[in-house]
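# Fold and contact review
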Amino acid sequence: MGTDARSPRILSVSWGRMEVEGLEAGKDFKLYPGGGRPWDWTETGTQHQPGIQPADVEELLAAGATTVVLSRGMELRMHVTPQALDLLEERGVTVHVLPTEEAVTVYNDLVDSTPVAGLFHSTC
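Described in the following lines is the structure provided in the data block.

The rules behind the values
- Residues numbered from 1 in each chain as written.
- Predicted model: local features only at pLDDT ≥ 70, side-chain atom pairs only at ≥ 80, totals over all residues.
- Heavy atoms only, no water.
- Salt bridge = Lys/Arg side-chain N within 4 Å of Asp/Glu carboxyl O.
- Helix = DSSP H or I, 4+ residues; strand = E, 2+ residues; numbered from the N terminus.
- Buried < 20%, exposed > 50% of the residue type's maximum accessible area, 1.4 Å probe, protein only.
- Phe/Tyr/Trp six-rings, centres within 6.5 Å; stacked < 30°, edge-to-face > 60°.

### Here's the deal with the pattern of salt bridges
A full pass over the atoms with the stated rule returns nine salt bridges. Across the pair R17 and E19 runs a salt bridge, and its minimum N-O distance is 3.1 Å. For E59, the salt bridge is made with K30, and the minimal N-O distance between the two is 3.0 Å. On the criterion of sequence distance, the pair formed by E59 in helix α1 (residues 54–62) and K30 in strand β3 (residues 28–32) is long-range, its members being 29 residues apart. The buried category is assigned to K30, whose relative accessible area is 2%. One salt-bridge network, held together by shared partners, links R6, R9, E21 and D112.

Now the structure itself:
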């Protein structure tokens with residue numbers, strides 16, 4: 001894994017705003033080895049309930065992530081579907097499902113050593 005394939009570090013997170021290395025500031029992000037982009041829920045029809053779906057994590061796996069961090073929002077209103085967790089388990093991926101601020105800490109701790117990806121929701 002070359003240094004260019006490192007996942008971007010999250011520089012700051014606050015309610016409704018995230019700053020990510022090399023990207024424009026925004027609200028929700030998909031981050032993965034080699035890059036990242038805003039996480040547009042409308043692409044997959046994601047909502048707080050039932051939550052993160054297999055389609056939301058496919059792109060992270062395609063980028064080569066072996067660890068995935070899923071943030072549940074600041075108030076834990078974002079859920080994760082059993083199907084998404086099953087898909088990650090089937091692929092042998094390590095998964096962390098955490099409140100957003102904890103998710104950012106775990107993710108940032110891994111970027112230099114692991115092909116890590118994450119879905120980050122910066123509000124509720």
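After that view of the structure, there is still more to cover.
### A word on the packing of aromatic side chains
Within this structure, the stated rule accounts for two aromatic pairs. Consider the rings of W39 and W41, whose centres lie 5.6 Å apart with planes at 50°: the pair is tilted. Assessed through its relative accessible area of 5%, W39 is described here as buried. Looking at W41, the relative accessible area reads 15%, which means it is buried. Ring geometry for Y107 and F120: centres 5.1 Å apart, planes at 75°, overall edge-to-face. In this pair, Y107 sits in helix α3 (residues 100–110) while F120 sits in strand β7 (residues 116–121), placing the two residues 13 residues apart along the sequence.

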